[in-house]
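# Structural overview
If you want the building blocks of each chain, they are given just below.
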Amino acid sequence: MEHIEQPARPAQPAGDPDGLRAPADPGLRARIRAGDRETFADLYDRYARTVYHHACRLTGDLSAAEDVMSETFLVAWRTREQVDPEGGPLGPWLLGIATNRARNHRRGVGRRLAFLARQPKPKETEDFA
């Protein structure tokens with residue numbers, strides 16, 4: 001099996017494995033706002049795991065957490081122009097989006113369960129033998 005070397009991630013300060021308190025890259029926000037796909041891919045690589053774990057805690061469902069994570073980065077891409085040009089790391093922004101996506105997921109599950117509870121029970125099938 002061939003060994004594939006993974007790109008090095010930027011060093012994180014001790015006690016900050018997710019990079020949420022890392023020093024801000026001065027041009028990162030401008031590149032994200034401009035729609036730089038490579039920079040956004042780096043943002044995904046850096047925060048996808050953190051967002052996924054946050055979504056797992058909020059939803060309690062691994063499958064739903066994957067959906068929340070993917071929706072989070074989709075919303076982040078679509079709303080990238082709203083990112084403030086000045087500020088710190090983008091992790092808290094992504095976690096805020098993930099929190100809202102998880103709330104929407106829980107509301108949707110609640111609506112589906114309420115709908116199913118209102119439906120009449122199906123008729124029992126008579127024995128045809």
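Quick look at the structure, then. Here the structure is a predicted model, which is why all the values come from computation and not from measurement.

What counts, and at which threshold
Position numbers for residues count from 1 along each chain, tracking the sequence in the order it is written. Totals for whole chains, interfaces and linings use all residues, but because this is a predicted model, local features are given only for residues with pLDDT of at least 70 and pairs of side-chain atoms are given and counted only at 80 or more. Processing note: side-chain calculations cover all non-hydrogen atoms of the structure and skip hydrogens and water entirely. Helix and strand assignments follow DSSP, with helices taken as H or I runs no shorter than four residues and strands as E runs no shorter than two, numbered in order from the N terminus. Remark: exposure states derive from per-residue accessible area (1.4 Å probe, protein chains only) relative to the maximum for the residue type, with buried under 20%, exposed over 50%, and partly exposed in between. The contact criterion used throughout is that any non-hydrogen atoms of two residues lie within 4.5 Å. Whenever a nitrogen or oxygen atom comes within 3.5 Å of another N or O atom, the pair is scored as a polar contact, on the condition that within protein one atom can donate a hydrogen and the other can accept it, and that pairs from neighbouring residues in sequence are kept only if both atoms are in side chains. The span one expects for a helix is its residue count, reduced by one, times 1.5 Å. We define the nonpolar core as a collection of buried residues of types Ala, Val, Leu, Ile, Met, Phe, Trp, Tyr and Cys that are connected through side-chain atoms lying within 4.5 Å of one another. Take a side-chain nitrogen of Lys or Arg and a carboxyl oxygen of Asp or Glu: if they are within 4 Å of each other, that pair is a salt bridge.

Looking now at the environment of T59. Residue placement: T59 occurs in helix 2 (residues 37–59). With a relative accessible area of 19%, T59 lands in the buried category. Distance in space between the C-alpha atoms of T59 and R101 is 10.0 Å, their sequence separation being 42 residues. Not counting residues up to four positions away in its chain, the partners in contact with T59 are A64, A65, V68, A102 and H105. Only 2.8 Å separates the side chain of T59 from the backbone oxygen of A55, close enough to count as a polar contact. At a separation of 3.2 Å, a polar atom in the side chain of T59 contacts the main-chain carbonyl oxygen of D61.

To continue, consider helix 4 (residues 91–118). Counting along an α-helix, one turn takes 3.6 residues, and residues three or four places apart therefore face a common direction. Across its 28 residues, helix 4 extends 41 Å between first and last C-alpha, which sits within 8% of the 40 Å expected from 1.5 Å per residue. Buried within helix 4 we find G91, L94, L95, I97, A98, T99, A102 and G108.

On to the nonpolar core. Ranked by size, the top nonpolar core spans 21 residues in total, and within it L43, V51, F73 and L94 carry the most contacts. Discounting residues that sit within four places of it in the chain, V51 has contacts with M69, T72, F73, L94, L95 and A98.

Let us look at the pattern of salt bridges. For the coordinates displayed, the defined rule picks out one salt bridge. E71 is paired through a salt bridge with R101; the nearest N and O atoms lie 3.9 Å apart. Pair noted here: E71 is in helix 3 (residues 62–78) and R101 is in helix 4, with a separation of 30 residues, a long-range link. Classification of R101 as partly exposed rests on a relative accessible area of 24%.

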